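Descriptive analysis of the structure
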Amino acid sequence: MENAFQVYDGNEEYIYVSYSHADQSVVMPIVRYLCEEKYRIWIDKGIMPGMTWVNMIAQKIEEASLII
């Protein structure tokens, strides 16, 4: 499924969204809506190739203002 939003990457408050990839068809429309409403969202689509994903996810969870 194509992202119609930019995964947040910055120092301001953001929402971390945790989901099962099996549920993408339900979760992504909600994430797109939140982005359209100007919420900053981080999901695992923000992990770039070559990154240590476990460390990245742990860091993003720790820094998040809210977790869904």
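Before any of the text, the structure's been laid out above.
So, here's what we can say about the structure. (Residues numbered from 1 in each chain as written. Predicted model: local features only at pLDDT ≥ 70, side-chain atom pairs only at ≥ 80, totals over all residues. Heavy atoms only, no water.)

**Points about the overall build of the chain**
Basically, it comes down to this: Going along the chain from the N terminus, every DSSP run of H or I of four or more residues is numbered as a helix, and every run of E of two or more is numbered as a strand. Atoms considered for the radius of gyration are the C-alpha atoms alone. The globule rule reads 2.2 Å times the number of residues to the power 0.38.
Helix and strand counts for the chain come out as two helices and three strands. When its helices and strands are written in sequence order, the chain yields β-α-β-α-β. A globule of 68 residues ought to have a C-alpha radius of gyration of about 11 Å, and the chain, at 11 Å, matches this closely. Seen through its principal axes, the chain has C-alpha atoms that stretch 25 × 25 × 20 Å.

**Brief notes about the environment of Val-31**
How we decide: Each residue gets one of three labels from its accessible area relative to the maximum for its type: buried under 20%, exposed over 50%, partly exposed in between, using a 1.4 Å probe on protein chains only.
Within the secondary structure, Val-31 sits in helix 1 (residues 24–36). Note on Val-31: relative accessible area 1%, which makes it buried. Put simply, Val-31 and Phe-5 are 26 residues apart on the chain and 8.4 Å apart in space, counted from C-alpha to C-alpha.

**Here we look at helix 2 (residues 53–63)**
The periodicity of an α-helix, 3.6 residues per turn, causes residues three or four positions apart to be oriented the same way. What counts, and what does not: To obtain the arc, one takes the directions from the helix axis to the C-beta atoms. Contacts are assigned to residue pairs that have any heavy atoms within 4.5 Å of one another.
Those residues of helix 2 lying buried are Met-56, Ile-57 and Lys-60. In a view along the axis of helix 2, the buried residues occupy a sector of 95°, so they form one face of it. Residues Asn-55 and Glu-62 are exposed on helix 2 and point more than 90 degrees away from its buried face. Each element contacted by the buried residues of helix 2 is listed here: strand 1 (15–16) and strand 2 (41–42).

**A word on the nonpolar core**
The criterion, for reference: For this analysis, a nonpolar core means a set of buried residues of the types Ala, Val, Leu, Ile, Met, Phe, Trp, Tyr and Cys, connected via side-chain atoms within 4.5 Å.
Counting 19 residues, the largest nonpolar core has Phe-5, Val-17, Val-31, Ile-41, Trp-42 and Ile-43 as the members making the most contacts within it. If you list the elements that add at least two residues to this core, you get strand 1, helix 1, strand 2 and helix 2. Apart from residues lying up to four places away in sequence, Val-17 is in contact with Val-27, Val-31, Ile-41, Trp-42, Ile-43 and Ile-68.

**Side note on the side chain of Lys-60**
Put simply, the rule is: This count recognises Lys and Arg as positive and Asp and Glu as negative, with His and chain-terminal groups excluded. Counted as salt bridges are all cases of a side-chain nitrogen of Lys or Arg within 4 Å of a carboxyl oxygen of Asp or Glu.
The residue Lys-60 is located in helix 2 in this model. The side chain of Lys-60 is buried and forms no salt bridge, while Asp-9, the nearest opposite charge, is found at 4.1 Å. If sequence neighbours within four positions are ignored, Lys-60 has contacts with Asp-9, Tyr-14, Tyr-16 and Trp-42.

**What to know about the pattern of salt bridges**
Counted by the stated rule, this structure contains one salt bridge. Note that Glu-12 is salt-bridged to Arg-40, the shortest N-O span being 3.6 Å. Placement of the pair is Glu-12 in the segment before strand 1 and Arg-40 in the loop between helix 1 and strand 2, with a sequence separation of 28 residues. Exposure remark for Glu-12: the relative accessible area of 51% places this residue in the exposed category.

All we've got here are geometric facts, nothing functional implied.
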